[in-house]
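Structural characterization, general
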Amino acid sequence: GIQRSDRPTIEKTWAVVAAADHGVVAEGVSVFPQAVTAQMVANFLSGGAAISALTRQVGARVKIVDAGVANPIPGDVTQLVDLKLADGTANFTLGPAMPDEHAIEILDRGVGLASELAGEGADLIAIGEMGIGNTTAASAITAVMLDESPKTVTGNGTGIDEITRLKKARVVSSAIQANQPDRADPVGVLAGVGGYEIGLLAGVVLGAARARILVVLDGFISTSAALLTAAIAPVTAQYMVASHKSVEPGHILALEHLGLTPAIDLDMRLGEASGAALAIPIIESAVRL
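What counts as what
- Residues numbered from 1 in each chain as written.
- Predicted model: local features only at pLDDT ≥ 70, side-chain atom pairs only at ≥ 80, totals over all residues.
- Heavy atoms only, no water.
- Patch = residues over 30% accessible without salt bridge, like charges linked within 9 Å, V, L, I, M, F, W, Y side chains within 5 Å.
- Areas by Shrake-Rupley, 256 points an atom, 1.4 Å probe, with all protein chains shown as cover.
- Salt bridge = Lys/Arg side-chain N within 4 Å of Asp/Glu carboxyl O.
- Lys, Arg positive; Asp, Glu negative; His and termini not counted.
- Charge placed at Lys NZ, Arg CZ, Asp CG, Glu CD.
- Helix = DSSP H or I, 4+ residues; strand = E, 2+ residues; numbered from the N terminus.
- Pairing = 2+ DSSP bridges.
- Axes fitted to C-alpha atoms, helices over the stretch in contact; angles between N-to-C directions.
- Left-handed = near helix turned anticlockwise from the far one by under 90°.
- Contact = heavy atoms within 4.5 Å.
- Nonpolar A, V, L, I, M, F, W, Y, C, P; charged D, E, K, R; others polar.
- Buried < 20%, exposed > 50% of the residue type's maximum accessible area, 1.4 Å probe, protein only.
- Polar contact = N/O pair within 3.5 Å; in protein donor to acceptor, adjacent residues only side chain to side chain.
- Expected span 1.5 Å × (residues − 1).

Here's the deal with a negative patch on the surface
A cluster of acidic residues, Asp100, Glu101, Asp182 and Asp185, forms a negative patch on the protein surface. Checked against the element boundaries, Asp182 lands in the loop between α6 (162-179) and α7 (186-193).

In structure tokens form, the structure reads like this:
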């Protein structure tokens with residue numbers, strides 16, 4: 001149905017990994033410092049990350065996108081796609097994560113990137129992300145879009161303990177209280193409690209659906225982006241495949257909301273499109289059958 005063909009093909013696959021930083025790390029929601037975001041982007045670019053190995057294995061090409069990394073990225077950045085509007089979001093417990101116009105612009109830049117990949121013949125785009133603190137933003141978006149309590153959708157992220165998880169849930173509650181986002185206004189939700197990489201990926205999903213390209217969601221953060229996209233244009237949910245079910249409670253609820261059944265369940269929590277890359281051979285097998 002996506003390809004308008006009874007003989008669909010999967011020949012050119014891409015992974016889009018968007019990176020950005022989050023002002024909310026000032027609230028102590030992560031065990032890692034913000035500088036790790038830039039270090040990981042450098043690792044992506046040098047081909048030394050998990051997603052690098054997995055995309056080589058499955059024959060997918062990769063776009064590494066700076067959607068709002070705060071610190072300078074070390075090493076060779078010639079292959080980096082610079083779509084940055086700001087050096088990360090503001091601390092959204094004190095006010096909006098980003099201006100409304102930035103939310104609109106980052107969505108537009110994601111749409112443009114998808115259109116660019118469509119022009120290169122992409123028929124599958126896997127989406128993933130990197131950003132210290134971004135599970136907090138994803139938890140806030142998911143709580144608002146699903147009308148769930150922050151405590152219900154907030155998980156352990158990159159290995160925090162239970163005390164820190166409860167603290168993170170309180171931070172999410174504070175952010176929602178400070179910004180009063182309305183799920184009927186998904187762009188406003190992005191501006192209030194989102195992240196630049198989340199907005200960019202939401203735009204990629206919009207652009208991919210418009211170009212009739214299958215989108216493979218990774219984990220919790222990319223699925224929070226998909227929640228925004230599906231609220232902006234409900235038909236886009238029919239262009240999405242869920243790659244895996246992560247250990248994040250909000251991810252499971254978001255997939256149920258979108259009506260998506262994950263292909264694999266391996267208790268993954270890495271992000272960076274790693275689960276989406278693992279699902280590509282399963283999708284290719286389905287097409288071949």
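Now that the structure is up, let's keep going.
Thoughts on the sheet that holds strand β3 (residues 81-82)
Strand order across the open sheet formed by 6 strands is β3-β2-β1-β4-β5-β6, with parallel pairing between neighbours. Of all strands in the sheet, those with a lone pairing partner are β3 and β6 (240-242), marking the two edges. The sheet contact formed by strand β4 (residues 124-130) and strand β5 (residues 214-217) spans 4 bridges and is parallel. The partner of Ile127 across the bridge, within β5, is Leu217.

Points about the packing of helix α4 (residues 134-146) against helix α9 (residues 220-232)
At their nearest, the axes of α4 and α9 sit 9 Å apart, and the two run at 35° to each other. In this structure, α4 meets α9 at a crossing whose hand is left-handed. Contact residues: α4 offers Asn134, Thr135, Ala138, Ser139, Ile141, Thr142, Met145 and Leu146, while α9 offers Phe220, Ile221, Ser224, Leu227, Leu228 and Ala231. Residues that form the contact of α4 with α9 fall into these classes: 9 nonpolar, 5 polar and no charged.

A closer look at the side chain of Lys168
Tracing the sequence through the fold places Lys168 in helix α6. Notably, Lys168 is buried but unbridged: the nearest opposite-charge side chain belongs to Glu248, and the N-O separation is 5.2 Å. Separated by 2.8 Å, the side chains of Lys168 and Thr135 make a polar contact. Excluding residues that lie within four positions of it along the chain, Lys168 makes contacts with Val29, Thr135, Thr136, Thr154, Gly155, Asn156, Gly157 and Ile160.

Re α4
A rise of 1.5 Å per residue sets the reference length of α4, with its 13 residues, at 18 Å; its end C-alpha atoms lie 18 Å apart and thus fit the reference within 8%. Within α4, 13 of the 13 residues are buried, leaving the element largely enclosed by the surrounding structure. Phi turns positive, to about 55°, at Asp147, one or two residues after α4.

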